[in-house]
Amino acid sequence: MNDTRIRLLQEADWGELVALEERAYAASGLSEGETALRSRHRASPSTCFVLEHAGGFGGYLLALSYPLFRCPDLSLAEEGELQGSNLHLHDLVIAERARGRGLAHRMHQHLEEAGRAASYQTLSLVAVHGSQALWAALGYRARPHIGLPASYGAEAVYMTKPLETAVPSRQSAFSSGAGAG
């Protein structure tokens, strides 16, 4: 995929990011708004990425260090950095024009590599929009006993995944682009 790259989120990306987030979540009441989104980025700028695809904005991923078995409240902005061994995948959205090409999986692999490089031990997320089965297929385990902020709605599920040391053969496969389809 020569026309695709993942890079750190930059100031110039915010207009497209906020518009995409709103399209993805407003109808379900899960849209956070720019202030909250920017606060997630400020909390961990080294784990927030943009997907450039076919010469344009193809999506984004926001992740931040967050205590295991806790998650950001969608209705509140972050008030600083939290440190720990868990990296929380807060949001991953692929632009409509770029969907169906395995790019969400590719961004998730990029996050795993960044998490390993920064010595995180686990990944966590909140599955929304019925996405629990998708995340389970990527190795996440549902933790239904973990209470979530009401802002996520009744159907959301907290999930975790151990972030194990990469096996060299998997790294080679990822570097060549295998498994990103």
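To be clear, the structure that these remarks concern was listed above.
Since we're looking at a predicted model, the values are computed, not measured.

(A) Examining the packing of aromatic side chains more closely. Tallied over the full model, the rule gives 2 aromatic pairs. Measuring from ring centre to ring centre gives 6.1 Å for F69 and Y158, while their planes differ by 50°; the resulting arrangement is tilted. Here Y158 lies in strand β7 (residues 157–162) and F69 lies in the loop between β3 (56–65) and β4 (86–94), a separation of 89 residues in the sequence. What makes F69 partly exposed here is its relative accessible area of 34%. Arranged with centres 5.6 Å apart and planes meeting at 80°, the rings of W135 and Y140 form a pair that is edge-to-face.

(B) Quick peek at the packing of helix α1 (residues 14–25) against helix α2 (residues 34–43). Packing of α1 against α2 leaves a shortest axis separation of 10 Å and a crossing angle of 115°. Where α1 crosses over α2, the handedness of that crossing is right-handed. When α1 is examined against α2, the residues W14, L17, V18 and E21 are found in contact with a partner set consisting of E34, L37, R38 and H41. Per-class residue counts for the contact of α1 with α2 are 4 nonpolar, 1 polar and 3 charged.

(C) Quick look at unusual backbone geometry. Even without being glycine, A54 reaches a positive phi, approximately 50°. Mapped onto the elements of the fold, A54 is located in the loop between β2 (48–53) and β3. You can call A54 partly exposed: its relative accessible area is 46%. Unlike most non-glycine residues, S119 shows phi in positive territory, near 70°. Among the secondary structure elements, S119 is positioned in the loop between α3 (103–117) and β5 (122–127).

(D) Broad picture of α2. Listed as buried for α2 are A36, L37, S39, R40, H41 and A43. Packed against the buried residues of α2 are α1, β2, β3 and β4.

(E) View of the pairing of β7. Most of β7 is tucked away, with 5 of its 6 residues classed as buried. In this structure, β5 lies alongside β7, joined through 6 bridges in antiparallel fashion. Note on β7: the bridge partner recorded for L125 is M159.

(F) Examining the side chain of S65 more closely. Along the chain, S65 turns up in strand β3. Residue class for S65 comes out buried when judged on its relative accessible area of 4%. Engagement of the side chain of S65 in a polar contact is seen with the backbone oxygen of L82, the distance being 2.9 Å. Once residues lying within four places of it in the same chain are set aside, the contact partners of S65 are S44, L82, Q83, G84, N86, L87 and Y120.

Conventions we followed
- For every chain, the first residue of its written sequence is number 1, and the numbers climb from 1 along that sequence.
- Totals for whole chains, interfaces and linings use every residue, but because this is a predicted model, local features are given only for residues with pLDDT of at least 70 and side-chain atom pairs only at 80 or more, for both listing and counting.
- Neither water nor hydrogens contribute to the side-chain values; these are computed over all heavy atoms in the structure.
- Pairing of aromatic side chains requires ring centres within 6.5 Å, counting the rings of Phe and Tyr and the six-membered ring of Trp. Pairs whose planes differ by under 30 degrees are stacked, by over 60 edge-to-face, and all others tilted.
- The helix and strand labels rest on DSSP assignments: H or I over at least four residues marks a helix, E over at least two residues marks a strand, and numbering proceeds from the N terminus.
- The cut-offs for exposure are 20% and 50% of the maximum accessible area for each residue type, with area from a 1.4 Å probe on protein chains only; residues under the lower value are buried, those over the upper are exposed, and the others partly exposed.
- Here the axes come from fitting lines to C-alpha atoms, over the contacting stretch only for helices, and the angles between their N-to-C directions go from 0 to 180 degrees.
- Crossing chirality is assigned from the near helix's rotation relative to the far helix, an anticlockwise turn below a right angle marking it left-handed and a clockwise turn marking it right-handed.
- In this description, contact between two residues means that some pair of their heavy atoms is separated by no more than 4.5 Å.
- All amino acids are sorted into three groups, where Ala, Val, Leu, Ile, Met, Phe, Trp, Tyr, Cys and Pro are nonpolar, Asp, Glu, Lys and Arg are charged, and the leftover types, Gly among them, are polar.
- If DSSP finds at least two bridges between two strands, the strands pair.
- Pairing of N or O atoms within 3.5 Å defines a polar contact, subject to two protein rules: one partner must be a possible hydrogen donor and the other a possible acceptor, and residues neighboring in sequence count only if both atoms are side-chain atoms.

Everything listed here is a matter of coordinates, which is why it stays silent on function.
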